[in-house]
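If you want the building blocks of each chain, they are given just below.
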Amino acid sequence: MPPSTKRLNNGLSVTTKVFVRSRNGGATKIVREHYLRDDVACYSKLCDQCEYSLETTPVLSHVPFSTAKLSKHYLILDTNTVLNAIDLLESSQALFDVIIPQTVLEEVRNRSYPIYTRLRGLSKADAKRLIVFHNEFCKNTFVARQKGETINDYNDRLIRKVCEYYNSHLSKYGVKAILLTDDKDNLRKCKDERVLALSLREYLSKLPNSEDLLDTLPSAQDDFQVAEFKYAEYYSQSRLIAGVKSSVLFQGPMNVSSYDIFEGTINLPSIFPKPILVRGRQNMNRATNGDLVVVELLPKSQWVAPSNDIVDESTLGNVDNEDNDLIISDQERRLLNKEARRAQMEEESKLQPSAKVVGVIRRRWRLFTGQLSPNTITSNTNTLNSCLITLSEKSMPAVRIKTRKANDLLNMRIVVAIDDWPGTSKHPEGHFVRTLGPIEDKDTEQEALLLEHDVEYRPFSKNVLDCLPKEGHEWVVPEDLSSDEQLKKRRDLRDKLVCSIDPPGCVDIDDALHARRLSNGNFEVGVHIADVTHFVKPATPLDQEGSSRSTSVYLVDKRIDMLPTLLGTDLCSLKPYVDRFSFSVIWELDEDANIINVDFMKSIIKSREAFSYQDAQDRIDDPSNKDELTQGMRSLLALSKKLKKKRMDAGALNLSSPEVKVHMDSETSDPGEVEIKKLLDTNSLVEEFMLLANISVARKIYDAFPQIAMLRRHAPPPSTNFEALNEMLHIRKGMTVSVENSKALSDSLDRCVDKNDEYFNTLVRIMATRCMMAAEYFVSGNFSYQEFKHYGLAADIYTHFTSPIRRYCDVLAHRQLAAAIGYEPLHPSQRDKTKMDLIVKNMNRRHRNAQFAGRASIEYYVGQVIKNTESSQEGYIIKVFTNGVVVLVPNFGVESLIKLEDMGDESSGLFDEKDFKLSFNDKIGNRRELHVFDKVTVYMKSVLNEMTGKRKAVFMLK
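Being a predicted model, the structure only gives us computed values, none of them experimental. (Residues numbered from 1 in each chain as written. Predicted model: local features only at pLDDT ≥ 70, side-chain atom pairs only at ≥ 80, totals over all residues. Heavy atoms only, no water.)

Quick look at the overall build of the chain
Spelled out, the test is: In DSSP terms, a helix is any run of H or I states spanning at least four residues, a strand is any run of E spanning at least two, and both are numbered starting from the N terminus. For every residue, the accessible area (1.4 Å probe, protein chains only) is compared with the maximum for its type, and the residue is labelled buried under 20%, exposed over 50%, or partly exposed between those bounds. Any two residues having at least one pair of non-hydrogen atoms within 4.5 Å are treated as being in contact. All accessible areas in this document rest on Shrake-Rupley with a 1.4 Å probe, and a residue is counted as covered only by the protein chains that are shown.
From N to C terminus, the chain includes 26 helices and 39 strands. Here the chain holds 958 residues, and 53% of them are scored as buried. Across the chain, contacts joining residues at least 24 apart in sequence account for 66% of those joining residues at least 6 apart. On the chain, roughly 44,600 Å² of surface is accessible, and the fraction owed to carbon and sulfur atoms is 48%.

The structure is reproduced here in structure tokens:
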């Protein structure tokens, strides 16, 4: 029993923990009681000594893992083993019957929350048999910290004590507990204390599949012997913090150009009107796309303009140039910062404040997919090879790994993790995780796409599925609503002529509408939204999974659901002819679509019909249809047009994107043809009333919860975002777009018309869309009301309420609205602003990833279509470089880079930056000129990129 321990009663003791808290220069000694139990279970199925409650059961196998070289054993992992081998821990190849001491779990949480989340997920996976042992509350494993003992040494001693306890506790069953640690000092102490311990590499080498497993380990820095390069060392943490605080240094996320992998920008709009430019390998200094970095401005003589060159993996050897070791004082640095702001206000200057990376605060490293570069294999045998993996994400550098399976990995799509980027290597160093399958295999590429965009696609766990109604698909709305206090509050709207209008084949129907003329000449209009929160209760595993996924992801051939299918496509879906719970917003609107009154209610509806957009349009347009449902739809359409006109008059933007639809063969599931999406009046009908509902709900929940309302904002773009587009328009077309406000922008976009080319206006809108800021979710207490505005919609306040089946923001908005109308109180966890901030951060990330995943899916399938049907197409030049142009083909919604070397004589190329013109001799010797906005004809074919292993559309200029 630890010193100073008192027994309180049978099975419970108390000791004390002492620590010192430092604040504002003072130190406070804090003493806390620490309770210990003698009934903490070991969770082994072999043990007949431990007792379990009804909620807990043994997990560790009664037939522990063993090999010819290892007797029956359980594993205990220390913190660094978990952090370095989490990929291996998640695999099905090794590491079963794992004990994670509570000490390790807390250390992992403090050092890497994403890995902590993955570890907690493993504790719920039956196959791994992984348990968390609460050693610091167990009387048999708790030890007090010794005087002068470092926290690291103390934690190691706690972990060794766990190993010692398990070996003693389970000795009569012939089972050993092996501690896996790579800490040399800890291994020495284990040997001295006769605690059974191995390094991870030693343990794996004793397993039958050791060669495969050793490949998945993070490579030690000693494995990469050759010093290829020398980067500048990062500044110390204290210098970085002090520099950022005093505005000598600047912190922000690194955005690497998709055309030049050695050019990045740091956007700090509150400080600099234009992004800070980071150009060159040395100045990038091992920063990768998405990393949170600290930069230092270069002397003004070294400031540069954005690159007009295309630089990718094939041109890596051509851009090592800078030598930026000039040292200047902090006072001079502050003067440079002022000059940077002043220089950016001078419109004639194209130079941007340029900087070098001096520190990385947080890496955006995750699991990456890629393929092995064949020319980097140094041996044809199964010896250890140092190979480069070209990643699918083109803004990331190639990763060097060590593997014995190099030849087996050729032409395979593989997953790798980045471990480190030493200052002596041109490439980051990593390790092999697993093989997805052959390159170009449909299933392989789809899984790679989901991994690349961090989409959670694994099946829902048993804990999540246990939250669903036990009746399953047999669940129905209760006939007797008076038996439940909550149900009695619902409004019965089953007499309303409600219908839904969605894309063809839609099964997760979030919304439905109705309209009818009132006796006073006004209209009653209702938007009815699936009542997901009736089934998804706060703080349950189902809710936590929905929060983690945050959104459904729509690919060409599949949908990755936010919620289990039982809810999304059945119990919550507002299918026709059946009773469904809904959350309704009902307005009284006058003839001009002005809101006279609005009411919010939980309700019960029965949809009369589920229309596709085309079916609804046909029904409305057919004059022979005079039934009440059709008349209501016509009223909705007429009112929607008036609502849209009001929005446009207020400055809402009508932007564009090159959207296409890929038709799949119903029998083979192969892509058949590509079609530009057509928008009907019924598309706009639904959109206008969903916008109106979202705005009305936003006002209501903000009034009720001014600090924690879940809202969505769209910040106005800085005028500098449009400088390049305006310059192109002015020089090539004599036009400009105005960005004083959204109304000015909307009107100026309307004026960008080429009488000889109908598509030109759409092209400008596509390019303008790329100049906009991204919309984002936020908690109302983080911004002033003036900052709530949604620029694109010209709305002063906005939220997402109308799609709770597929968006978690809408689930939160439903709960807040239910509390605002007195239906049910808000759960305490969703009154915590700190927790809400974390949820918002995850929602924004997941929402952005889902959009990118959807676009990547379309790009993949368009490539497959083109593979079978090569053709000539009309395209438009949207960007001109010194060594190539980017062409957009509207009919397929894809764009591609055409390099100068593929168009003609590269040495003859002449780039006119002022006129956005590239001149060159084509392959038959004729002089050609290409300008931005030029309409060109290209031969389009699908080519497998040798570097990335990805198939995409490639254009040949005709």
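Let's talk about the nonpolar core
Rules: For our purposes a nonpolar core is just a set of buried Ala, Val, Leu, Ile, Met, Phe, Trp, Tyr and Cys residues, chained together by side-chain atoms within 4.5 Å.
Membership of the largest hydrophobic core comes to 57 residues, with the highest contact counts inside it found for Tyr166 and Leu204. At five residues, helix α5 (residues 151-169) tops the list of elements feeding residues into this core. Counting 51 residues, the second largest nonpolar core, distinct from the first, contains Val737, Val764, Phe916 and Phe920.

Overview of the pairing of strand β5 (residues 98-101)
Defined as follows: Pairing between strands is defined by DSSP: at least two bridges between them are needed.
The two faces of β5 match: Val98 and Ile100 on one face and Ile99 and Pro101 on the other face are all buried. Two elements, strand β4 (residues 73-77) and β5, share two bridges in a ladder whose sense is parallel. Bridged to Ile76 within β5 is Ile99.

Details of the sheet that holds strand β35 (residues 904-912)
Consider a sheet: its strands pair through backbone hydrogen bonds, and that pairing is either parallel or antiparallel. Rules: Only the stretch in contact is used when a helix axis is fitted, and all axes are lines through C-alpha atoms; the angle between N-to-C directions ranges over 0 to 180 degrees.
As summarised here, the arrangement of the three strands in space is β35-β36-β37, forming an open sheet in which the pairing is antiparallel. In this open sheet, the two strands that pair with only one neighbour each are β35 and β37 (927-931). Between one strand axis and the next, the sheet turns through 25 degrees on average, direction left out of account. Two elements, strand β36 (residues 917-922) and β37, share five bridges in a ladder whose sense is antiparallel. If you follow Asn921 over to β37, its bridge partner there is Arg927.

Some words on the sheet that holds strand β34 (residues 894-899)
Taken in spatial order, the five strands line up as β34-β33-β32-β38-β39 in an open sheet, and their pairing is antiparallel. This sheet does not close on itself; its edge strands, each paired only once, are β34 and β39 (951-957). Each neighbouring strand pair of the sheet contributes to a mean axis angle of 45 degrees, computed without reference to strand direction. Sheet topology note: the strand β32 (residues 871-881)/strand β33 (residues 884-889) ladder contains five bridges and is antiparallel. What sits directly across from Ile877, in β33, is Val887.

As for the packing of aromatic side chains
The condition is simple: Each pair of aromatic rings taken from Phe, Tyr and Trp, with Trp reduced to its six-membered ring, is defined by centres within 6.5 Å and is described as stacked if the planes are under 30 degrees apart, edge-to-face if over 60, and tilted in the remaining cases. The rule is short: NZ of Lys or CZ of Arg within 6 Å of the ring centre and within 35 degrees of the ring normal puts a charge over the ring.
If you walk through the whole model with that rule in mind, you get 19 aromatic pairs. In textbook terms, an aromatic cluster arises when at least three aromatic residues are bridged by ring pairs, as seen for Tyr702, Phe778, Phe783, Tyr785 and Phe788. In this structure, Arg239 is placed above the aromatic ring of Tyr235, and the distance from its NZ or CZ to the ring centre is 3.6 Å. Positioned above the aromatic ring of Phe581, the side-chain terminus of Arg490 is 4.0 Å from the ring centre.

Overview of the pairing of strand β25 (residues 579-589)
Within β25, 10 of the 11 residues are buried, which leaves it mostly tucked inside the rest of the structure. Both strand β22 (residues 523-530) and β25 contribute to a ladder of eight bridges, which runs antiparallel. The residue of β25 that forms the bridge with Ala530 is Ser582. Bridging between β25 and strand β26 (residues 595-606) involves 11 bridges; their strand directions are antiparallel.

Quick notes on the pattern of salt bridges
Our working definition: Any Lys or Arg side-chain nitrogen found within 4 Å of a carboxyl oxygen on Asp or Glu counts as a salt bridge.
All chains considered together, the criterion is met by 56 salt bridges. The closest approach of N and O atoms between Arg846 and Asp454, which form a salt bridge, is 3.9 Å. Of the two residues, Arg846 is situated in helix α25 (residues 833-868) and Asp454 in the loop between α13 (442-452) and α14 (462-465); the sequence distance between them amounts to 392 residues. Using a relative accessible area of 12% as the deciding quantity, one classes Arg846 as buried. A relative accessible area of 32% places Asp454 in the partly exposed class.

Structural notes on the packing of helix α3 (residues 102-111) against helix α4 (residues 113-122)
This is how the line gets drawn: Here roughly perpendicular refers to angles of 65 to 115 degrees, roughly parallel to angles under 35, roughly antiparallel to angles over 145, and oblique to all remaining angles. Residues are grouped as follows: Ala, Val, Leu, Ile, Met, Phe, Trp, Tyr, Cys and Pro are nonpolar; Asp, Glu, Lys and Arg are charged; every other residue, Gly included, is polar.
Interaxial distance between α3 and α4 falls to 6 Å at its minimum, and their mutual angle equals 140 degrees. Of the possible angle classes, the one that applies to α3 and α4 is oblique. For the pair α3 and α4, the contacting residues are Leu105, Val108, Arg109 and Arg111 in the first and Tyr113, Ile115, Tyr116, Leu119 and Arg120 in the second. Counted by class, the contact of α3 with α4 contains six nonpolar, no polar and three charged residues.

That's the geometry; what it means functionally is another story.
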